[in-house]
Amino acid sequence: DGGITQSPKYLFRKEGQNVTLSCEQNLNHDAMYWYRQDPGQGLRLIYYSQIVNDFQKGDIAEGYSVSREKKESFPLTVTSAQKNPTAFYLCASGRQGYIQPQHFGDGTRLSIL
Amino acid sequence: GQQVMQIPQYQHVQEGEDFTTYCNSSTTLSNIQWYKQRPGGHPVFLIQLVKSGEVKKQKRLTFQFGEAKKNSSLHITATQTTDVGTYFCAGYSGNTPLVFGKGTRLSVIA
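Just so it is clear, the model here is predicted, and its values are computed rather than measured. (Residues numbered from 1 in each chain as written. Chains lettered and ligands numbered in written order. Predicted model: local features only at pLDDT ≥ 70, side-chain atom pairs only at ≥ 80, totals over all residues. Heavy atoms only, no water.)

Draft legend 1. View of the sheet that holds strand S3 (residues 19-25) of chain A. All names here are of chain A. An order of S1-S3-S8-S7 is seen for the four strands of this open sheet, with the pairing classed as antiparallel. Each end of this open sheet is capped by a strand with a single partner; those strands are strand S1 (4-7) and strand S7 (64-66). Neighbour-to-neighbour, the strand axes of the sheet open up by a mean angle of 20 degrees, direction not taken into account. Two elements, S3 and strand S8 (residues 76-78), share three bridges in a ladder whose sense is antiparallel. Looking at the pairing, Val19 lines up with Val78 of S8. (Pairing = 2+ DSSP bridges. Helix = DSSP H or I, 4+ residues; strand = E, 2+ residues; numbered from the N terminus. Axes fitted to C-alpha atoms, helices over the stretch in contact; angles between N-to-C directions.)

Here it is as structure tokens:
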């Protein structure tokens, strides 16, 4: 079945630690996105990529980094510079063009120990 | 930058009552999309509207795009417990990614 796989489902981070969230899609989509979801805040865009080896900062990129070495993969690293990382992180993909509907993964819930 | 406001933030209804959520954009939109997120789940694309004044129906759900293409609404007739979740609108107005509203959380009391 085609879809988007995010792993792990739950992740715990110690203070000062970097962690990487995985996102893989087999939908052959060109575009991929990372969102952060906090209660009552909707979806806030962290980073996005329309093509391999190219990505742009979204509205809340500080403290995060990404790479897009393969079309299928768009991992997100939450660095120690992100002071409030506890949140639900959603990865999405879509066909080329921002106007295209997005397909979301099941999300990763990150918590601080 | 572009902003998309959604109201109400929460809505509690008795099963069988109707429900409406409204979406307003600070800029004219080329396209508006609606998504539903069930509790504990991820957003799922429902529909997109492109034309001024467009109305689309999916069973008990009616979606409208305003004449000025700056607002939209989602109306659910005779809500059921399966309608529970958060409904998001997302607007596209140019060469930038979709901008999501904060969503309306719907609770249905049986």
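Draft legend 2. Representation of the interface of chain B and chain A in the model. Contacts between chain B and chain A engage 19 residues on the former and 19 residues on the latter. Of the roughly 1,600 Å² buried where chain B meets chain A, counting both sides, 62% is carbon and sulfur surface. Three residues, His42, Pro97 and Phe100 of chain B, lead the burial of chain B against chain A; their summed loss comes to 32% of the area buried on that side. Remark: the boundary between chain B and chain A carries zero salt bridges. Inspection of the chain B/chain A interface yields four residue pairs in polar contact (both at pLDDT 80 or more). For the side of chain B that touches chain A, the leading source of residues is strand S4 (residues 31-37) of chain B, giving four residues. For the side of chain B that touches chain A, the residue count by class is eight nonpolar, ten polar and one charged. (Contact = heavy atoms within 4.5 Å. Buried area = accessible area lost by both parts, 1.4 Å probe. Salt bridge = Lys/Arg side-chain N within 4 Å of Asp/Glu carboxyl O. Polar contact = N/O pair within 3.5 Å; in protein donor to acceptor, adjacent residues only side chain to side chain. Nonpolar A, V, L, I, M, F, W, Y, C, P; charged D, E, K, R; others polar.)

Draft legend 3. Looking closely at the pairing of strand S7 (residues 61-65) of chain B. Residues and elements named next belong to chain B. Most of S7 sits inside the fold, with four of its five residues counted as buried. As paired elements, strand S6 (residues 55-58) and S7 share four bridges and run antiparallel to each other. Note on S7: the bridge partner recorded for Lys57 is Thr62. Between S6 and S7, which pair antiparallel in sequence order, lie two residues; one of them, Lys59, sits at a positive phi of approximately 55 degrees. Sheet analysis places S7 next to strand S8 (residues 71-76), joined by five bridges and oriented antiparallel. Each bridged residue has a counterpart across the sheet, and for Leu61 the counterpart in S8 is Ile76. Two successive antiparallel strands, S7 and S8, enclose a turn made up of five residues, where Lys69 displays a positive phi of approximately 55 degrees. (Buried < 20%, exposed > 50% of the residue type's maximum accessible area, 1.4 Å probe, protein only.)

Draft legend 4. Quick look at unusual backbone geometry. Geometrically, the link from Ser7 of chain A to Pro8 of chain A is a cis peptide bond, its omega value of -10 degrees lying close to zero. Relative to the helices and strands, Pro8 of chain A is located in the loop between S1 and strand S2 (10-13). Following Ile7 of chain B, the chain continues to Pro8 of chain B via a peptide bond in cis, the omega torsion being -5 degrees. Locating Pro8 of chain B in the fold gives a position in the loop between strand S1 (4-7) and strand S2 (10-14). Backbone geometry at Asn53 of chain A places phi at a positive 65 degrees, although glycine is not the residue there. Note on placement: Asn53 of chain A falls in the loop between strand S5 (43-51) and strand S6 (54-57). Not every positive phi belongs to a glycine, and Lys59 of chain B is a case in point at roughly 55 degrees. Here Lys59 of chain B lies in the loop between S6 and S7. The exposed category is assigned to Lys59 of chain B, whose relative accessible area is 86%.

Draft legend 5. The environment of Ser25 of chain B, seen in detail. Residues and elements named next belong to chain B. Here Ser25 is to be found in strand S3 (residues 19-25). On the basis of relative accessible area, Ser25 is assigned to the buried category, the value being 8%. Between the C-alpha atoms of Ser25 and Gly101, which are 76 residues apart in sequence, the distance is 9.0 Å. The contacts of Ser25, once residues within four sequence positions are left out, are Gln2, Gln3, Val4 and Lys70. Here Thr27 takes part through its backbone oxygen, which lies 2.6 Å from a polar atom of the side chain of Ser25.

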